[in-house]
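Here's the letter readout for the chains.
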Amino acid sequence: MLALGSLLRDGVPIRFSGQDAQRGTFSHRHLVFHDADTGSTHVPLAALGGARFEIHNSPLSETAVLGFEYGYSVGADSDLVIWEAQFGDFVNVAQPIIDQFVVSGQSKWGQLSRLVLLLPHGYEGRGPEHSSARLERFLQMCAAGNMRIANPTTSAQYFHLLRHQAHTPERPLVVMTPKSLLRHKLARSEASQLTSGGFRAVLAEDVGDRARRSATRLILCSGKVYYDLLASEERAHAKDAVLARVEQLYPFPHREITELLAGLPALSAVVWAQEEPRNMGARSYVEPLLRALLPATLTLRQASRPEWSSPAEGKMSDHMKGQRRIIREAFAQ
């Protein structure tokens, strides 16, 4: 809400639609207040002035809705146009719009779009239809700077990401947005982190100079799984490891990762850890890019769910076993 409000003050018009967008599927925002007696509504951000703000709850007709929002974003070149799925998986139904327009409209027809897709993504034990926004599909379609794909893990990162999108050359932004991180204490940011700084493509764990110089293992990941790794018993005992998360997957942050590696002089191994099965998620996209950056002396391995036809398990108990396996693999010597 702070990101949207500050953009309105900057004079940027905002159109926001989505499945329960007015209150947020996870009750993480309350943009529209309803009078239970009269049925009237009040939208506080609309009263800020400076620019037009509209927010609409969209129906479960993703192909039609996303097609409309893409067209709107092309026609209204000064607006920040946002569509949010109730769960990232629901974008599956809009795949033809993504394939034919969102990722290729500029190369085919010169159409410029600043459309933002907010796709709640992360493995919370909610089953195969409420876990994955199919990150692998978006990464497979990335080329020639056609869009931007991010997976922010703090509120400040999310804040700066949305603001940056409104003020940059037009290309779509796909955000793997958090679910449990909306209430995670470690994902909070100080107000000063919003009023200064900006979005960072790579965030490394602050372990201190001595630990960084002696670290022999770097565990890279993206998104919510970082906090699962951080809170694990294995992390407490792995004194030679450093955790870092890739907040922007495309364009791939070559420079930032190179700088991270340079600051770890004793490094002997790098691990890519992800919640998704081995044949999904970012692994197949990230692995060759990391190999190109790593010296021949460094080994690269991965920790993930095994290859599978389903994005996630259907039972919470199976989900927990899967998470534990990933953590054990990530910290294994």
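Here we summarise the structure given alongside this text. Residue numbers restart at each chain and count upward from 1, following the sequence in its written direction. The predicted nature of this model means local features are confined to residues of pLDDT at least 70 and side-chain atom pairs, given and counted, to a pLDDT of 80 or more, with totals for whole chains, interfaces and linings taken over all residues. The basis for every side-chain value is the complete set of non-hydrogen atoms in the structure, without hydrogens or water.

Thoughts on unusual backbone geometry
Thought 1: Between Tyr-250 and Pro-251 the backbone carries a cis peptide bond, its omega angle lying at -5°.
Thought 2: The backbone of Arg-134 shows a phi angle near 60°, a positive value even though the residue is not glycine.
Thought 3: Residue classification places Arg-134 among the buried residues on the basis of a relative accessible area of 16%. Each residue is assigned to one of three classes by its accessible area relative to the maximum for its type, calculated with a 1.4 Å probe on protein chains only: buried under 20%, partly exposed between the two thresholds, exposed over 50%.

A few points about the side chain of Gln-157
Thought 1: Inspection of the secondary structure assignment puts Gln-157 in helix α6 (residues 155-166).
Thought 2: A polar atom in the side chain of Gln-157 sits 2.7 Å from the backbone oxygen of Arg-200.
Thought 3: Apart from the residues lying within four places of it in its own chain, the contact partners of Gln-157 are Pro-152, Gly-198, Phe-199, Arg-200, Leu-203 and Glu-247. The helix count covers DSSP runs of H or I at least four residues long, the strand count covers runs of E at least two residues long, and both are numbered beginning at the N terminus. Definition of a polar contact: a pair of N or O atoms within 3.5 Å, with one able to donate and the other able to accept a hydrogen when the atoms are protein atoms, and with sequence-neighbouring residues admitted only if both atoms are side-chain atoms. Residue contacts are counted whenever heavy atoms from the two residues lie within 4.5 Å of one another.

Here we look at the environment of Gly-223
Thought 1: One can find Gly-223 in the loop between β10 (217-221) and α9 (225-230).
Thought 2: Taking the relative accessible area as the measure of exposure, Gly-223 reaches 0% and is therefore buried.
Thought 3: Through-space distance from the C-alpha of Gly-223 to that of Arg-245 is 7.0 Å; in sequence the pair is 22 residues apart.
Thought 4: Contact partners of Gly-223, with chain neighbours within four places excluded, come to Asn-151 and Thr-153.

Points about the nonpolar core
Thought 1: Counting residues in each nonpolar core, the largest one holds 51 residues, and the members touching the most others are Leu-119, Phe-138 and Leu-218.
Thought 2: Those residues in contact with Phe-138 that sit more than four places away from it in its chain are Val-91, Ile-98, Leu-117, Leu-119, Ala-133, Met-147, Ile-149, Val-174 and Met-176. Only buried residues count toward a nonpolar core. Its members are Ala, Val, Leu, Ile, Met, Phe, Trp, Tyr and Cys residues joined through side-chain atoms within 4.5 Å.

So, the sheet that holds strand β13 (residues 269-277)
Thought 1: When DSSP locates at least two bridges between a pair of strands, those strands are taken to pair. Judged by pairing direction, the sheet is mixed, and its five strands sit side by side in the order β9-β11-β10-β13-β14 without closing on themselves. Strand pairing shows two members of the sheet lacking a second neighbour, β9 (202-204) and β14 (299-305), which therefore form its edges. Averaged over neighbouring strand pairs, the angle between their axes works out to 25° when direction is ignored.
Thought 2: Those strands touched by helix α11 (residues 254-262) are β9, β10, β11 (241-246) and β13, and its axis lies near 20° from that of β9.
Thought 3: A fitted line through C-alpha atoms represents every axis, and for helices the fit uses only the stretch in contact; the resulting angles, taken between N-to-C directions, go from 0 to 180 degrees. Where helix α13 (residues 316-331) meets the sheet, its contacts fall on β10, β11, β13 and β14, and the angle it forms with β14 comes to roughly 170°.

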